Amino acid sequence: MTSIPVRTNPASPYVDGAVRAALSSGDLDALEDLSDRLWYQLPARYARPLLDALAEVPPRRLTERPRLLVTGLLAHRFLHADDPAEVRRVERSHALHGSRTERRLGAYAAAPDAVTAGVLAMQAARWRGDHEAAERVARLTEARAGARRRPGLVALQRGLGRVAADDAAGAVEHLERAYAQAGPAPFQHFAGAAACGVLAMLAAERGHHRLAAAWLDRLAALGPVPRWLDRYLLTGAFVAEALLAIDRLDRPAAEQALARAGEGTDATDLWPHVAAAWLAYELTFRGPTDAFVRLDAAGFAHGVGRRPQQGDPAVLLRAYADLLVVSGEGTYVLAVLGDVSRRPDLAAAAAAVHLRAGQRHQAVAVAARALRHPAASPRDLQELQLVLAVAHLFDGEADSAARSFRSALELWVHGLGRAFTVLPHETLAELCRLTGTDPAELITPTGARPRPRAGLPLAIVVLTDREREVLRALADGSTTSDVARALHVSTNTVRTHVKSLYRKLGVQSRDAALARGAALGFLVG
């Protein structure tokens, strides 16, 4: 795998002279042409003089020239790249202009202006979570996009929109097209480079290490990306490098890649993926407390003042489920995840909770069903096989345990080593004995935290659907009679459900039941 190039792309003396001449004369037409030719290099390299020149342009006139408007916003962002609060202010301005632009897309006669305005509107719709609007604008915009100016930009933005919508297949389609449309370095390859990085990230998240490495190699072959564009264009590539390093238990390499990806608190479309990579790092090399701190900081920075739950980005929900399992919050895991029959990415966490609770038959049922799901990734398959191996081992089924463990080992050969770090010492040693494997080969001495010893079984609370309904109704302030009328049952039936709730939650009062239910995740959403 080739390392990602970070050399500076120097502008030629001719280009530099042309830029300075246009800035000094206030020639907006020339600046627009240069913004197409130099793309991100113009706002990144000439941020201060560019902003000074654009400050002389009346705001109304600037909104009529979306290429210059976006160039100015990018210049402000690059100038304050080390100030997260200022970057977010720029993002809010970006979103505001994008919403305004969306309403007047048909007013731009020139194709370059229409495309830039369309991309601005796509980004604004995506940031407010309106994926349907983003895709609608994308289709209109792509119809006017040409190959000469900012090649691959519209396809890249459509791909990022599909990533945000958890549509991996759609994302890959658009991102691959962005890569195919990439122009030559040093000025027209930026969309292709960013697309390669995101494709590598998606592959690494699923456990396709060779594919991820291939996309990183393609990124390197496109040509260097200036260091000051790292965080803006190559976040996906750095997340991919971090995940590959974590999977091979290479702590120094993981830390280096994550440092370049950011803290998960930065204003970027990919922040859930950055945060999830940090959680994987913390759980592998440090511990759940550090992971909780990382997750809370990322969520707070992006206005998510709560724990992840159903409906949040899948990559973040999976990482959070892994964190809860390690932390022993089994009931909360099951309450948050809900029905995992169609979510193989979450089934391993649910199966692990049942396993730790001593419910081995339920763990086997959940894992076996998820193994047959067509959307299960290599990472899913390995974690599910490990759950099955442990469950069979505890049931005294040595042959079945060895068979499942060997299946997990087959994926370890492809670089997936992280999942073995969560197995207790004694369990890993016994599974290795059954398969003739040296445990030292699975956990390399490059910084992984010590594996846990087998502890006490995990106690979980399982409520019926009707008991959950009653608990939520009580949380809303309903009386027993109110609940009975709403559910069309007798008050005695409701009292029976309440008694069952108290018993399962281990409480003696309504207030205590609500507090305990909230703590276990039954009142989420």
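Residues numbered from 1 in each chain as written. Predicted model: local features only at pLDDT ≥ 70, side-chain atom pairs only at ≥ 80, totals over all residues. Heavy atoms only, no water.

Asker: I would appreciate a short explanation of the confidence of the model for the protein chain in the present structure.
Answerer: Keep in mind that low pLDDT regions are not for reading the predicted coordinates in detail. Here the protein chain averages 88 in pLDDT, and 93% of its residues register 70 or above. A low-confidence stretch, residues 4–10 (pLDDT under 50), is modelled with 26 contacts involving residues beyond four sequence positions or located in other chains. (pLDDT = per-residue confidence, 0-100. Contact = heavy atoms within 4.5 Å.)

Asker: Quick question: what am I supposed to make of the packing of helix H12 (residues 190–206) against helix H15 (residues 235–247) here?
Answerer: Relative placement of two packed helices is described by the angle separating their axes and the distance separating the axes. Interaxial distance between H12 and H15 falls to 7 Å at its minimum, and their mutual angle equals 30°. Between H12 and H15, the angle falls in the class roughly parallel. In the packing of H12 onto H15, the handedness of the crossing is left-handed. Here Gly-197, Val-198, Ala-200, Met-201, Ala-204 and Glu-205 of H12 come into contact with H15, specifically with Gly-236, Ala-237, Val-239, Ala-240, Leu-243 and Leu-244. Looking at the contact of H12 with H15 residue by residue, the class counts come to 9 nonpolar, 2 polar and 1 charged. (Axes fitted to C-alpha atoms, helices over the stretch in contact; angles between N-to-C directions. Helix = DSSP H or I, 4+ residues; strand = E, 2+ residues; numbered from the N terminus. Parallel < 35°, antiparallel > 145°, perpendicular 65-115°, else oblique. Left-handed = near helix turned anticlockwise from the far one by under 90°. Nonpolar A, V, L, I, M, F, W, Y, C, P; charged D, E, K, R; others polar.)

Asker: Whenever I open this one, empty space enclosed by the protein confuses me. Can you help?
Answerer: Empty space among the atoms becomes visible once a probe the size of a water molecule is rolled across them. Enumeration over the complete set of coordinates arrives at 3 cavities of 30 Å³ or more. Of the voids in this model, the largest cavity is the one considered here, and its volume is about 120 Å³. Around the largest cavity, the lining comprises 13 residues; the ones closest to its centre are Tyr-40, Val-70, Val-119, Gln-123 and Leu-153. Mapped onto the lining of the largest cavity, the elements with two or more residues apiece are helix H6 (66–79), helix H8 (111–127) and helix H10 (153–164). Taken together, the residues that form the lining of the largest cavity break down as 8 nonpolar, 4 polar and 1 charged. Empty space within the second largest cavity amounts to approximately 60 Å³. In terms of lining, the second largest cavity is formed by Met-122, Arg-126, His-131, Ala-134, Glu-135, Ala-138, Gln-157, Arg-158, Gly-161 and Arg-162. Only H8, helix H9 (131–142) and H10 provide two or more residues apiece to the lining of the second largest cavity. The residue inventory of the lining of the second largest cavity, partitioned by class, reads 3 nonpolar, 3 polar and 4 charged. (1 Å grid on protein atoms, 1.4 Å probe; cavity = no way out; pocket = protein on both sides within 12 Å on 5 of 7 lines; lining within 4 Å. Points joined across faces, edges and corners; volume = space filled by probe spheres on them.)

Asker: Would you mind going over the pattern of salt bridges with me for this structure?
Answerer: Across all of its chains, the model carries 37 salt bridges by this definition. The residue Asp-250 makes a salt bridge to Arg-248 at a minimum N-O spacing of 3.7 Å. Of the residues examined, Asp-250 reaches a relative accessible area of 22% and is grouped as partly exposed. Between Glu-282 and Arg-286 there is a salt bridge, and its shortest N-O distance comes to 3.6 Å. The exposure class of Glu-282 is buried, given its relative accessible area of 1%. (Salt bridge = Lys/Arg side-chain N within 4 Å of Asp/Glu carboxyl O. Buried < 20%, exposed > 50% of the residue type's maximum accessible area, 1.4 Å probe, protein only.)

Asker: Is there a simple way to think about the side chain of Thr-71 in this case?
Answerer: Here Thr-71 lies in helix H6. Within the structure, the side chain of Thr-71 is placed 2.7 Å from the backbone oxygen of Arg-67, a separation counted as a polar contact. If we ignore the near neighbours within four places in the chain, the residues touching Thr-71 are Ser-35, Leu-42, Pro-43, Leu-50 and Arg-150. (Polar contact = N/O pair within 3.5 Å; in protein donor to acceptor, adjacent residues only side chain to side chain.)

Asker: It is not clear to me how helix H2 (residues 28–38) should be interpreted in this structure. Could you clarify?
Answerer: Each full turn of the α-helix corresponds to 3.6 residues, which orients residues three or four apart in the same direction. All of the buried residues along H2 are Leu-28, Leu-31, Glu-32, Leu-34, Ser-35, Asp-36 and Leu-38. The opening residue of H2 is Asp-27, an N-cap whose side-chain oxygen sits 3.2 Å from the backbone nitrogen of Asp-29. Just beyond H2, the residue with positive phi is Trp-39, at close to 55°.

Asker: Help me understand the packing of aromatic side chains, please; the structure alone is not making it clear to me.
Answerer: In this structure the tally under the stated criterion is 10 aromatic pairs. Ring geometry for Trp-39 against Tyr-40: centres 5.3 Å apart, planes inclined by 15°, an arrangement best described as stacked. Accessibility classification places Trp-39 together with Tyr-40 in one group, the buried group. Judged by centre distance (5.9 Å) and plane angle (75°), the rings of Trp-39 and Phe-190 are edge-to-face. Taken together, the residues span a long stretch of sequence, with Trp-39 in the loop between H2 and helix H3 (41–45) and Phe-190 in helix H12 at a distance of 151 residues. (Phe/Tyr/Trp six-rings, centres within 6.5 Å; stacked < 30°, edge-to-face > 60°.)

Asker: Looking at this structure, how should I read unusual backbone geometry?
Answerer: With an omega dihedral of 10°, the bond running from Ala-185 to Pro-186 counts as a cis peptide bond. A positive phi is found at His-488, a non-glycine position, where the angle reads about 60°. Positionally, His-488 belongs in the loop between helix H28 (480–487) and helix H29 (491–505). Classification of His-488 as exposed rests on a relative accessible area of 74%.

Asker: Explain the environment of Thr-235 here, please?
Answerer: With respect to the helices and strands, Thr-235 occurs in helix H15. Overall, the relative accessible area of 3% leaves Thr-235 in the buried class. Taking the C-alpha atoms as reference points, Thr-235 and Asp-269, 34 residues apart in sequence, are found 9.4 Å from one another.

Asker: Explain the environment of Gln-188 to me, please; I cannot follow it from the model alone.
Answerer: Note on placement: Gln-188 falls in the loop between helix H11 (168–181) and H12. In sequence terms Gln-188 and Arg-103 are 85 residues apart; their C-alpha atoms lie 29 Å from each other. Engagement of the side chain of Gln-188 in a polar contact is seen with the backbone oxygen of Arg-37, the distance being 2.8 Å.

Asker: Help me out: how do you make sense of the packing of H15 against helix H16 (residues 251–261) in this one?
Answerer: Where H15 meets H16, the axes come as close as 8 Å, and the angle between the chain directions of the two elements is 160°. On the basis of their axis angle, the class for H15 and H16 is roughly antiparallel. Viewed along their axes, H15 and H16 form a crossing whose handedness is left-handed. Across the interface between the two elements, Thr-235, Phe-238, Val-239, Glu-241, Ala-242, Ala-245 and Ile-246 of H15 pack against Ala-253, Ala-254, Ala-257, Leu-258, Arg-260 and Ala-261 of H16. Here the contact of H15 with H16 is composed, by residue class, of 10 nonpolar, 1 polar and 2 charged.

Asker: Looking at this structure, I do not really get the nonpolar core. What am I missing?
Answerer: Where a protein is soluble and globular, its nonpolar side chains tend to be buried together. Tyr-40 and Leu-175 are the most contacted members of the largest nonpolar core, which has 84 residues in total. The leading source of residues in this core is H12, at 13 residues. If we ignore the near neighbours within four places in the chain, the residues touching Tyr-40 are Leu-74, Phe-78, Leu-153, Phe-190, Leu-229, Tyr-232 and Leu-233. Judged by nonpolar contacts, the second largest core, of 55 residues, contains Ala-276, Val-315, Ala-352 and Val-387. (Core = buried A, V, L, I, M, F, W, Y, C linked by side-chain atoms within 4.5 Å.)

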